[in-house]
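For reference, the chains in residue letters:
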Amino acid sequence: MFSQRRLMHARGYLGLGLLADAERELALAEAGGAETAAVEGIRLLLLHEKHDWPTLRDFSRSIIARGGADAGTWISCAYATRRADSLA
C-alpha cells in the first residue's frame, strides 16, 4: 500500500513537471518493494521527461533483454536511441 501511494505521488509529480520530486518518490516506492513493472514504467517516463536519452536507451534495452518489454518500452528505446546516437 505504502509503495503504491509513492508510485501515485511520482506520477503526480511527473504530471506537474516536478522531476526531482518524482524521482525521489520513485526511489522511495522502489525501496518499499513496489511492483517492478510499475516502477520501470514510471522510470521510463521520468527519463524521457529529463531528456536523458543515453540512460533511457540503456534502461529500455535492459528491460527488452530481460523479456519484460511492452510496446511502449520498444518505442521508448527507439526514440532514445535516435536521440542519443544520431542527432547532434
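Description of the structure in this document. (Residues numbered from 1 in each chain as written. Predicted model: local features only at pLDDT ≥ 70, side-chain atom pairs only at ≥ 80, totals over all residues. Heavy atoms only, no water.)

A word on the pattern of salt bridges
Then step 1. One pass over the structure, following the stated rule, counts 9 salt bridges.
Then step 2. Across the pair glutamate 25 and arginine 6 runs a salt bridge, and its minimum N-O distance is 2.8 Å. With glutamate 25 in helix α2 (residues 19-31) and arginine 6 in helix α1 (residues 2-16), this residue pair connects regions lying 19 residues apart in the sequence. Each member of the pair, glutamate 25 as well as arginine 6, carries the same accessibility label: buried.
Then step 3. A salt bridge links arginine 24 to glutamate 25, with the nearest nitrogen and oxygen atoms 3.2 Å apart.
Then step 4. We classify arginine 24 as partly exposed; its relative accessible area is 40%.
Then step 5. On the basis of relative accessibility, which here comes to 4%, the residue glutamate 25 falls in the buried class.
Then step 6. Shared partners join several salt bridges into a network, and the residues in it are Arg6, Asp21, Arg24 and Glu25. (Salt bridge = Lys/Arg side-chain N within 4 Å of Asp/Glu carboxyl O. Helix = DSSP H or I, 4+ residues; strand = E, 2+ residues; numbered from the N terminus. Buried < 20%, exposed > 50% of the residue type's maximum accessible area, 1.4 Å probe, protein only.)

Side note on unusual backbone geometry
Then step 1. Located in the positive-phi region is histidine 51, a residue other than glycine, with phi close to 60°.
Then step 2. Within the secondary structure, histidine 51 sits in the loop between α3 (36-50) and α4 (53-66).
Then step 3. Here histidine 51 falls in the exposed class, since its relative accessible area comes to 54%.

Quick notes on the packing of aromatic side chains
Then step 1. Inspection of every chain in the model, using the stated rule, returns 1 aromatic pair.
Then step 2. Between tryptophan 53 and tyrosine 79 the ring centres are 5.4 Å apart and the planes differ by 75°, which places this aromatic pair in the edge-to-face class. With tryptophan 53 in helix α4 and tyrosine 79 in helix α5 (residues 71-85), this pair connects stretches of sequence that are 26 residues apart.
Then step 3. Since its relative accessible area comes to 13%, tryptophan 53 is described here as buried.
Then step 4. Taking relative accessible area as the criterion, tyrosine 79 reaches 35% and is therefore assigned partly exposed. (Phe/Tyr/Trp six-rings, centres within 6.5 Å; stacked < 30°, edge-to-face > 60°.)

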